[in-house]
Amino acid sequence: MHAIPTATSPRMMQANRSEAAAMDTFETLLSKFREGTALIGVIGLGYVGLPLAHTLHKGGFKVLGFDIDPAKMEALAKGENYLKHLGAELTTDLSRSDRFEATTDFSRLGEADAIIICVPTPLGKHQEPDMSYVLNSARDIGRTLRKGQLIVLESTTYPGTTRDDMLPAMLAARPQDATTLEQGVDFFVAFSPEREDPGRKTHTTRTTPKLVGGLEPRATELAAVMYERGIDRVVRVSTAEVAEAAKILENTFRAVNIALVNELKLVLTPMGIDVWEVIEAASTKPFGYMPFWPGPGLGGHCIPIDPFYLTWKAREVGQYTRFIELAGEINTRMPHYVVDRVSHALNEDGKAVRGAKVLVVGLAYKPNVDDVRETPAAEIIDLLSDVGADVEYHDPLVPRFPHMRRHKRDMSSVDLSPGGLAAYDCVVIVTNHDCVDHRAIATHARLVVDTRNALKGLHGLGARIVKA
Ligand SMILES: NC(=O)c1ccc[n+]([C@@H]2O[C@H](COP(=O)([O-])OP(=O)(O)OC[C@H]3O[C@@H](n4cnc5c(N)ncnc54)[C@H](O)[C@@H]3O)[C@@H](O)[C@H]2O)c1
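1. Some remarks on the packing of helix α5 (residues 132–143) against helix α6 (residues 161–172)
Next, step 1: Contact geometry for α5 and α6: axes closest at 7 Å, N-to-C directions at 45°. As summarised for this structure, α5 and α6 are arranged oblique, according to the angle between their axes. With respect to the hand of their crossing, α5 and α6 are arranged in right-handed fashion. Contacts from V134, L135, A138, R139, I141 and G142 in α5 reach T161, D165, M166, A169, M170, L171 and A172 in α6.

2. With respect to unusual backbone geometry
Next, step 1: Positive phi, normally seen in glycine, also occurs at Q127, with a value near 65°.
Next, step 2: A tally of 12 C-beta atoms within 10 Å means that Q127 is categorised as exposed.
Next, step 3: Phi angles above zero are rare outside glycine, and N368 is one such case at about 65°.
Next, step 4: Relative to the helices and strands, N368 resides in the loop between β9 (357–361) and α12 (376–386).
Next, step 5: Taking the C-beta count within 10 Å as the criterion, N368 has 17 such neighbours and is therefore assigned partly exposed.

3. What to know about the domain arrangement of the protein
Next, step 1: We note that the domain assignment places domain 1 (17–238) and domain 2 (263–467) within the protein.
Next, step 2: The straight-line distance from the C-alpha centre of domain 1 to that of domain 2 is 35 Å.
Next, step 3: Between domain 1 and domain 2, the residue contacts involve 15 residues of the former and 15 residues of the latter.
Next, step 4: Looking at the side of domain 1 that touches domain 2 residue by residue, the classes come out as seven nonpolar, six polar and two charged.

4. Some thoughts on the pairing of strand β2 (residues 62–66)
Next, step 1: The element β2 is largely enclosed, with a buried count of five among its five residues.
Next, step 2: For the segment spanning strand β1 (residues 39–43), helix α2 (residues 49–58) and β2, crossover handedness is right-handed.
Next, step 3: With four bridges joining them, β2 and strand β3 (residues 100–103) adopt parallel strand pairing. Within β3, the position partnered with L64 by the bridge is E101.

5. Details of the sheet that holds strand β11 (residues 426–429)
Next, step 1: The parallel open sheet is built from five strands, whose spatial order is β10-β9-β11-β12-β13. Looking at which strands have only one partner, the edges of the open sheet turn out to be β10 (390–394) and β13 (464–467). The mean inter-strand angle of the sheet, taken between neighbouring strand axes irrespective of direction, is 20°.
Next, step 2: Where strand β12 (residues 447–450) and β13 come together, four bridges link them in parallel fashion. Counted as the bridge partner of L447 is R464 from β13.

6. Considerations on the sheet that holds strand β8 (residues 234–236)
Sheet strands associate in pairs through backbone hydrogen bonding, adopting either a parallel or an antiparallel arrangement.
Next, step 1: Strand order in this open sheet of eight strands is β3-β2-β1-β4-β5-β6-β7-β8, and the pairing throughout is mixed. A strand with exactly one partner marks an edge of an open sheet, and here the two such strands are β3 and β8. When strand polarity is set aside, the average angle formed by the axes of neighbouring strands in this sheet is 25°.
Next, step 2: Summarising the sheet, β1 and β2 pair through five bridges and their orientation is parallel. What sits directly across from I43, in β2, is F66.

7. Regarding the site of the ligand
Next, step 1: Inspection of the region around the ligand gives 26 residues, with G44, G46, Y47, V48 and S155 positioned closest.
Next, step 2: Considering every element that reaches the shell around the ligand, the biggest residue donor is α5, with three residues.
Next, step 3: When grouped by side-chain class, the residues that make up the shell around the ligand number twelve nonpolar, nine polar and five charged.

8. Topic: the environment of G230
Next, step 1: Structurally, G230 is set in the loop between α7 (217–228) and β8.
Next, step 2: In this structure the C-alpha to C-alpha distance between G230 and K58, which are 172 residues apart in sequence, comes to 6.6 Å.
Next, step 3: Not counting chain neighbours up to four residues away, the residues in contact with G230 comprise T55, L56, K58, G59 and R206.

9. Comments concerning the nonpolar core
Burial of nonpolar side chains together is a common tendency in soluble globular proteins.
Next, step 1: Grouped together as the largest cluster of nonpolar side chains are 59 residues, with contacts concentrated most on V42, I116, L150, A190 and A223.
Next, step 2: Here this core gets six residues from one element, more than from any other, and that element is α7.
Next, step 3: In this structure, M334, V339, V372 and A454 belong to the second largest nonpolar core, which totals 48 residues.

Cut-offs and rules
- Residues numbered from 1 in each chain as written.
- Predicted model: local features only at pLDDT ≥ 70, side-chain atom pairs only at ≥ 80, totals over all residues.
- Axes fitted to C-alpha atoms, helices over the stretch in contact; angles between N-to-C directions.
- Helix = DSSP H or I, 4+ residues; strand = E, 2+ residues; numbered from the N terminus.
- Parallel < 35°, antiparallel > 145°, perpendicular 65-115°, else oblique.
- Left-handed = near helix turned anticlockwise from the far one by under 90°.
- Contact = placed C-beta atoms within 7 Å.
- Buried ≥ 20, exposed ≤ 12 C-beta atoms within 10 Å, placed from the backbone.
- Domains from an automatic or database assignment.
- Nonpolar A, V, L, I, M, F, W, Y, C, P; charged D, E, K, R; others polar.
- Right-handed = clockwise from strand over helix to strand, strands pointing away.
- Pairing = 2+ DSSP bridges.
- Near = placed C-beta within 6 Å.
- Core = buried A, V, L, I, M, F, W, Y, C linked by C-beta atoms within 7 Å.

The following block contains the structure:
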């Protein structure tokens, strides 16, 4: 039989001491966040980390950015902007401030009161989560871990990562003199998903509500109070796992709904029905419906990747994610569908794809950004080239075809001129940037295959337009 602990038993006294110590550390950190006197470290200054660092800096904190890429550090020091869609002001704001510094020296992580991790979470060769970036950051933090720190993971990942993967990696890397530091007592850990949508004008990091879930309630509260200095609305959830799963739900919802309208496009087009008009018509319903738009396939670092983190994790509990797999199948077929439409359209003009001069308009994966990660445009260029087309591309935001893991080409963006446009057998619109002259395309091109309904309202100006 176990003895029941009493208030004066050694176990209870130890528990009371821990509780008092935890309260003390919590209160000290909380007031630093409330008063804006904390130093915030941000690991990974990319699409997510850089705007976040800026938002927290605007909220009054001192911010110390960490990245392994020295080119980004140099650019920041000179006030040069390496993510164009964020605007030049963002980098000049930071580089001119004495409250911002960026470094590649990870031994300085111990200086920060809070450390926010914004590193990549890609898929490995076999579609499995590649946690190496998150685990490397966890080890970096572990090596300088000290009493009174808050650690927040923002990278998108499967439920359980923060507690079961990140925390153990951090603890294992602690130096000898820090092995007594306890999570929830001496330092605190939370997850807060990033909802950044590069290129979106209607919402910024500040105005997008932020979810926060800690490994225990104090961590939730600390993270929430920290974010509240820079972000308008912070939503506390009960655990880190809820916050992790909510982010995966958001992106799975998008992937599945985009697949649904892509499938509808395949069904309605041969019936002679315009899927875009159908979606506009359905959108007039004021409840129970929200529009998603078809396209040439998925791109970016999130929607094609994140749902597969859940697919991988689901197997651990003997479950299958059939919606995710099906959506993935439909969405990854879309570039093939586009190329079929190009081939069909050229055939109607009495031309073969082999030897045809084709211009792909838009290399970035979505409008008004220069991000080419997982872009379907690269797949479409490869597929067209494989069947013998002579392909060029035009994208004012991506002047050179960048290095990509799966696509390697020595190409540069060509200019659009009326004469130049008329020289192509087919122009394929893959991404509809605002800065592209779509009227010129609709007027001077001979044949346009439009995967985005970019030429809506511009039919009849000269080009034969085929929606795909
Ligand atoms: N891009 C988006 O729109 C978006 C939106 C929501 C969530 N996310 C998630 O946010 C996370 C980051 O994505 P991103 O788009 O900002 O990626 P990114 O590639 O733009 O930026 C990541 C940065 O981390 C740096 N880095 C890599 N390893 C590092 C390490 N060990 N230490 C320090 N820095 C390191 C890279 O040099 C890079 O600058 C991912 O999990 C992604 O799924 C991205």
